[in-house]
Structure formats: structure tokens, C-alpha cells
Amino acid sequence: MAEIESGYRRKSEEDEIIDQVDTGGMESHNEKESEEVEMDKELSKLEEELQASGKKPFLAARIIPKPKVFIWFLASFASIGGLLFGLDQSLISGAELYIPTDLSIDSSRMSMITGFMALGAIFGALCVYPVNELLGRKWTIIVACLLYTAGGILEAAAGSFGVLLAGRMILGAGVGLETGTVPPYISENCAKRWRGGLVSLYQVNIDLGLLFGYIAAAIFVDVSGNWRWMLGSSLLFSTILLVAMLFLPESTRWLMRKGRKVDSYLVWKHVRGLETFEEKQEFFRMETLVLEELEASKTRWILLDFIRRPRCRRAVVYAIILQLVVQQFSGINSVLYYMGPLMERTGLSAQDAVYTSLIGGGTMFLSTIPAIYFMDRLGRRPVLLTLIPGVSVGLFIVGFSFKATNVKVEEGIYIWGVVIYEFFWGSCLGPTPWVVASEIYPTYLRSTGVSINALCNWLGTFTTTYAFNDMLDAMTPTGTFVGLYNGVVIFGGIYLLFFMPETKNLTLEEMDELFERPTKDIVHENWENTKQVWRDLVHFRFREVWKLS
């Protein structure tokens, strides 16, 4: 009897727990329904205001009415800004083989022509915040296109060192402006489940631009005035981006920050859609957070939040180290800007150097395509930490290729090293810093934060291109690639292992909660996860290490 009574008591306790769970679930469901009813009422009011205002959907939305299709259209065309960035890196690599002879320019001035584009880009990056705040994301990109077009015309028509240098710096200002604007423009207009992949499109287009630049150089290498045609070919793509941006909308979050709620609703409705509870909730959470941040900014100089507010300080330190140190000082700009001269240095002729550069450009482009898929399925952290050792291996091979005593062996080892290096770099260090920069800053500081990242990008580019020839002379090619660049990659990988948080599947507003956590908690969590990963690897539990979501 005692056992039976005990069994009844256990059964009664289990039933009570089940009833509590059911009741809690019902309450949660009712709260969700109630919240959705309130949101629908507010959305109905916004729709009435929209109809009363007489505002029509932007032209591109009339052509592509489905939000899920339209967001890919928006991201694809906006990412052409990355294509322009990549084009310059590869076009100048081919053009600089012929410019010195045609314009009677010595190596010192040629270094200025190659490196001072980045100096113009630094100026453009410094202008990102004020121009974005004044004109918005869309019109900032349009201004960048105009600068890029003007610079491209001056480059192609240059008859002297001064005109060519001016064209390079004007073009650089346009590139600097768009690198700090395109990633947040895409990020602010897309859903969290697609954000990593869509922002990765920017890096894919950078690498597509690299490939197109090498192709253009190969096409025009035997044409009279070849370097002018090479540099002028970029005008085609700047024109495409300029025309496309005229048909695309403004950023939803920028519109909300400017008090244009109805306009923000109109864009969100066509770009994101408002059919699901999650989309409705994110729209109103975005509004609430934007208004709170704007109210707080009235009582203080918000730029100082990067120093005094721990959440912002953690984000900017992490982003700067990832972009300026790990990405830019991994040697990518030295390899890309000087691909032609480095190929020539291994013993190839100028023409063969241009043609062979296609191998590196093609590898870089193909390697970034998987990032679109894996950035959101695996996560930022697994992708970067899994592939960064390959970058190190590639740098070792490139560096030691110059020690070969046979020219043909040197050429083969060098090309092999470049292919390995660019394959792994393009899959991890290429897209990840841009994805991170577009998502980790609070809305009211996003323009400033991304402009800081763009500034870091171009400071690194300027340093590693303008001073590259001097570094080769001072440290030798092996010392530059193995000692300097590979050393940065190794120590950068160790830093990321401990300090890099995972930001996959978080809304831009949920990032605040992540970066409010103390750094020691993030380090402790990363260390525990790292130990678990090693245990899984030792026991061949690979599916636990690389989980697709």
C-alpha cells in the first residue's frame, strides 16, 4: 500500500508539473498573441498615414515586389561598391608594369601612385560619419560613385605624374567613402538570419573585382596605351552602381533615426516584409532602441561612448584589432597591389606576369563564395578559427619561395603559395571583419564605428603598400612575408581564440546584450568552448565541432 500511495504522489506531482508547464505555455502564447494584436494596430495606423501621405514604393520595389527576392537584389547591387574596391587593387597591379616607362616615372614616384590611393581613401573614411549623417547611406554611396568616376577619368587621361596622382587620390576618396557605407547599408536592411551571408557578398564582390581587374589587364596588355585602358575600365562598374542606387531605398534604421517613421515603415515593408511575428517585433524593437539612444545622446557627446561606455569600448577594440591588425597586416595588400611586380620578380616577363596574376584573382574569388553560406550556418568564429591556419601556411610558402635557387622552382613555389594563401584568406579574413563591423555597434554609433573600421582598413592598406618596397629591401621578401605578416597572423589567431565572441543569429539590437558582458566572461566562455572543441576533435566528433544551423 505504501508503494501504491508513493506512486500516486509521484503521479500527482508529475501532473502538477505538466499543468504548470501547460499553463506557462498558454500564458506565453496569449502574451504573444496580445503583443501581436497591439503591433498590428500600430502597423494599421502607419499604413493609413502612408496612404494619406501619397508616398509610393521606390521603383525597384515595384519591379520586384517579394521581400525575400528583393533583399538579394539590394545586397547584390550595393555590393558592387566592393567590386570597385577590388578592381583598383588588381588594375594598378597590371598598369604599374607599364606606367613608369610611358610617363618616365621612377620607382619612388610609382610607389606614391600605388600607395596614395589609400591616402585618399583615408580622407574618404574620415568623411563617412558626417556624410552619412547628413545625406544617409544611399546618397553617400552615390557621392562615392561620382568621386570614383571622376578619379577614373583623370587616371585614364593622365599625361603627367601630378594628374595621375590626383586621379588616384580622388578615386581613393570615393572608395574610402563607400567601404564605410555599403556594409552597414546592407546590414541595416536585412534580417538577422541572412545578415552574415548578405554582408559577405561585399567581400565576394571585392574578390570578383580583383578577378575582373586581372582579366581587364590581360585583355588590354597588348593594346596601345594599355595601362590607360586598364585603369579606365573601372568606369563601367561605377556607372552601373550609380544607376542602381537611384532605384534602391534608404536604410530603415537611418530613416527611423531621422524621425521618418512612415518612410522607415515603407522601406521595411518592401525590403523585409511584416508577415511574421518576428519581423513585426524587430521593427518595433528597432524603433524603441533608436529613440532611447537618441534621447540619451542629447545629454552627452556620444562619440566619447567609445571610451567611457564599456559596451562600445569592447566593440571598437575588437573591431580595430580584427580589421587593422589581423586583416590588413596579414599581407593581403602587398600581395594584391604588387601581384604583377612580384610575379616579375620571380623571373616572369611583364606580359606573363599579367596573365599569371589571373590564377591568384580566380582563387580569391572562388574562395569567398562558400563564406556566403557558412557565415550564417557555421558562425563567424568557427569559420575564422578553422581557416586562419591555412593563411599562415600560405605565407610560409610565399616567403620561402624566394629562397629557391632555380627560377622555375621559385615561380612554381611562389604561385602555389599565393593560391593557398588567397584561398584561405578569401574565406575567412576577407569577409569576417566587414560582417563584424556592420553588426556590432549600437545604432546611434554605427556610422562612426564603421567609419573607424574603414579608416583602419585604409591605414593598413597605405602602410603595407606605400612602404612595401622599403620593407622588401630592409627585411628581404622572406622576412617580410614569414617574419612580419605571418607573425601577425599567428598572434592575431591567438587573440581571436580568446576574445572573439560569436554574433551569429543575433539581431542588431541583441548585440547590446552580448557586448555588455564583461570581457573576462567572454574569455572564460571561449576557453571552455575551445576545450570542448579539442575533446570533440580528439574523439572524432566532427559534427559537434562544425554544426550547421
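Residues numbered from 1 in each chain as written. Predicted model: local features only at pLDDT ≥ 70, side-chain atom pairs only at ≥ 80, totals over all residues. Heavy atoms only, no water.

Stated formally: UniProt positions are given in the numbering used here, feature names are shortened, and annotations may be inferred rather than shown by experiment.
Per an unreviewed UniProt entry, the protein carries the name Major facilitator superfamily (MFS) profile domain-containing protein and comes from Galdieria partita. Of the protein, the UniProt comment under Subcellular location (unreviewed entry) reads exactly: "Membrane".

Re the overall build of the protein
Convention followed: The numbering of helices and of strands both runs from the N terminus, where a helix is a DSSP run of H or I of at least 4 residues and a strand a run of E of at least 2. By the convention used here, residues are in contact when the closest approach between their heavy atoms is within 4.5 Å. The method behind every accessible area is Shrake-Rupley, applied with a 1.4 Å probe, and residues are considered shielded solely by the protein chains displayed.
When its secondary structure is counted, the protein shows 28 helices and zero strands. Counting contacts in the protein only where the partners sit at least 6 residues apart, residues at least 24 apart contribute 82% of the total. In the structure as shown, the protein presents an accessible area of about 22,800 Å², 65% of it carried by carbon and sulfur atoms.

Considering the nonpolar core
For the record, the criterion: Throughout this description, the term nonpolar core refers to a set of buried Ala, Val, Leu, Ile, Met, Phe, Trp, Tyr and Cys residues connected via side-chain atoms within 4.5 Å. Burial classes: relative accessible area under 20% of the type maximum marks a residue as buried, over 50% as exposed, and values in between as partly exposed (1.4 Å probe, protein chains only).
One finds Ile99 and Trp458 to be the most contacted residues of the largest nonpolar core, which totals 76 residues. The dominant element in this core, judged by the number of residues it contributes, is helix 10 (residues 192-220), at ten residues. Beyond its immediate sequence surroundings of up to four residues, isoleucine 99 is in contact with Ile92, Ser104, Ile105, Met110, Leu164, Trp227 and Leu231. Counting 46 residues, the second largest nonpolar core, distinct from the first, contains Tyr214, Val398, Leu445 and Met471.

Side note on the packing of helix 6 (residues 107-126) against helix 24 (residues 446-466)
Rules: For helices, the fitted line uses only the C-alpha atoms of the stretch in contact; every axis is such a line through C-alpha atoms, and the angle between N-to-C directions lies from 0 to 180 degrees. Put simply, angles under 35 degrees are roughly parallel, angles over 145 are roughly antiparallel, angles from 65 to 115 are roughly perpendicular, and the rest are oblique. Crossings are sorted by hand: turned counterclockwise from the far helix by less than a right angle, the near helix makes the crossing left-handed, and turned clockwise it makes it right-handed. When residue character is reported, Ala, Val, Leu, Ile, Met, Phe, Trp, Tyr, Cys and Pro are called nonpolar, Asp, Glu, Lys and Arg charged, and the others, Gly included, polar.
Where helix 6 meets helix 24, the axes come as close as 8 Å, and the angle between the chain directions of the two elements is 165°. When the axis of helix 6 is compared with that of helix 24, the two are roughly antiparallel. For the pair helix 6 and helix 24, the sense of crossing is left-handed. For the pair helix 6 and helix 24, contact is made by Ser111, Met112, Gly115, Phe116, Met117, Ala118, Leu119, Ala121, Ile122, Ala125 and Leu126 and by Ser451, Ala454, Leu455, Trp458, Leu459, Thr461, Phe462, Thr465 and Tyr466, respectively. Here the contact of helix 6 with helix 24 is built from residues that sort into 15 nonpolar, five polar and no charged.

Remarks on the layout of surface pockets
Inclusion rule: A cavity here means a set of points on a 1 Å grid, drawn over the protein atoms and nothing else, where a 1.4 Å probe fits but cannot get out; a pocket is an open set with protein on both sides within 12 Å along at least five of seven lines, and a residue lines either one if it has an atom within 4 Å of a point. Grid points are joined across faces, edges and corners, and a volume is the space filled by probe spheres set on the points.
Approximately 950 Å³ is the volume found for the largest pocket. In terms of lining residues, the largest pocket is bounded by 32 residues, among which Arg381, Pro382, Leu385, Leu497 and Val533 are the most central. Looking at the lining of the largest pocket residue by residue, the class counts come to 17 nonpolar, seven polar and eight charged. Of the volumes computed, that of the second largest pocket is approximately 260 Å³. Around the second largest pocket, the lining comprises 17 residues; the ones closest to its centre are Lys138, Leu248, Pro249, Glu250 and Arg260. Every element with two or more residues in the lining of the second largest pocket is listed here: helix 7 (128-157), helix 12 (235-247), helix 13 (252-257) and helix 14 (261-271).

Concerning empty space enclosed by the protein
Using the criterion set out here, one finds three cavities of 30 Å³ or more in the structure. In this structure, the largest cavity occupies an estimated 100 Å³ of space. What lines the largest cavity is a set of 16 residues, and nearest its centre among them are Phe85, Gln89, Gln203, Ile206 and Trp425. Counting residues per element, the ones that place at least two in the lining of the largest cavity are helix 4 (80-95), helix 10, helix 18 (332-337) and helix 24. No other element matches helix 10, which puts four residues into the lining of the largest cavity. Here the residues of the lining of the largest cavity sort into eight nonpolar, seven polar and one charged. Taken as a whole, the second largest cavity spans an internal volume of roughly 40 Å³. In this structure, the second largest cavity is lined by Glu133, Arg137, Glu188, Arg253, Trp254, Arg257, Thr443 and Ser447. Among the secondary structure elements, those contributing two or more residues to the lining of the second largest cavity are helix 7 and helix 13. Its residues assigned to classes, the lining of the second largest cavity comprises one nonpolar, two polar and five charged.

Things to note about the pattern of salt bridges
As a reminder, the rule being used: Think of a salt bridge as a Lys or Arg side-chain nitrogen and an Asp or Glu carboxyl oxygen that are within 4 Å of each other.
For the structure on display, the rule yields 23 salt bridges. Here glutamate 38 makes a salt bridge to lysine 41, at a shortest N to O gap of 3.8 Å. Here glutamate 38 and its partner lysine 41 are both found in helix 1 (residues 2-53), three residues apart, which amounts to about one turn of the helix. Taking relative accessible area as the criterion, lysine 41 reaches 49% and is therefore assigned partly exposed. Shared partners join several salt bridges into a network, and the residues in it are Arg253, Arg272, Glu279 and Glu282.

A short note on helix 15 (residues 277-297)
The condition is simple: Between the first and last residue of a helix there are one fewer steps than residues, each counted as 1.5 Å, and that sum is the expected span.
Taking 1.5 Å of rise per residue, 21 residues should cover 30 Å, and helix 15 covers 30 Å from first to last C-alpha, within 8% of that figure. For helix 15, every residue scored as buried is listed here: Phe277, Glu279, Lys280, Glu282, Phe283, Phe284, Met286, Glu287, Leu289, Val290 and Glu293.

A short note on unusual backbone geometry
In the Ramachandran plot, threonine 476 falls in the positive-phi region, its phi being about 70° despite a non-glycine side chain. Mapped onto the elements, threonine 476 comes out in helix 25 (residues 468-499). The phi dihedral of phenylalanine 540 is positive, around 60°, even though this residue is not glycine.

Observations concerning helix 21 (residues 380-401)
Note the threshold: A residue's bend is simply the angle between two axes: one fitted to the seven residues ending at it, one to the seven starting at it.
For helix 21, with 22 residues, the first-to-last C-alpha span of 32 Å sits near the 32 Å given by 1.5 Å per residue. The largest bend in helix 21 amounts to roughly 30° and is located at leucine 387, with the proline proline 389 lying one to four residues further along.

Details of the environment of alanine 218
Within the fold, alanine 218 resides in helix 10. Judged by relative accessible area, which is 15%, alanine 218 ranks as buried. Separated by 138 residues in the primary sequence, alanine 218 and threonine 356 place their C-alpha atoms 9.3 Å from one another.

Section: a nonpolar patch on the surface
Selection criterion: Here the term patch refers to residues with relative accessible area over 30% and no salt bridge, with like charges joined within 9 Å and nonpolar side chains (Val, Leu, Ile, Met, Phe, Trp, Tyr) within 5 Å.
The grouping of Leu59, Ile63, Leu134, Leu135, Trp139, Val243, Leu246 and Phe247 at the surface amounts to a nonpolar patch, some 770 Å² of accessible area in total. Going through the elements one at a time, helix 2 (59-63), helix 7 and helix 12 are the ones with two or more residues in the nonpolar patch. By the element assignment, isoleucine 63 lies in helix 2. For isoleucine 63, a relative accessible area of 62% puts it in the exposed group.

Here's the deal with the side chain of glutamine 328
Within the secondary structure layout, glutamine 328 lies in the loop between helix 17 (310-327) and helix 18. The residues contacting glutamine 328, other than those within four sequence positions of it, are Gln323, Asn333, Cys456, Asn457, Gly460, Thr461 and Thr464.

Regarding the packing of aromatic side chains
Our working definition: Pairing of aromatic rings covers Phe, Tyr and Trp, the last through its six-membered ring, and needs centres within 6.5 Å; plane angles under 30 degrees mean stacked, over 60 mean edge-to-face, and all others mean tilted.
The full count for this structure, using the stated rule, is 22 aromatic pairs. For the ring pair phenylalanine 73 and phenylalanine 77, a centre distance of 4.8 Å and an interplane angle of 55° mean the geometry is tilted. With phenylalanine 73 and phenylalanine 77 both in helix 3 (residues 67-78) and four residues apart, the pair spans about one turn of that helix. Assessed through its relative accessible area of 27%, phenylalanine 73 is described here as partly exposed. On the basis of relative accessibility, which here comes to 28%, the residue phenylalanine 77 falls in the partly exposed class. Three or more aromatic residues link up through ring pairs in this structure, and these residues are Phe402, Tyr414, Phe468, Phe481 and Tyr485.

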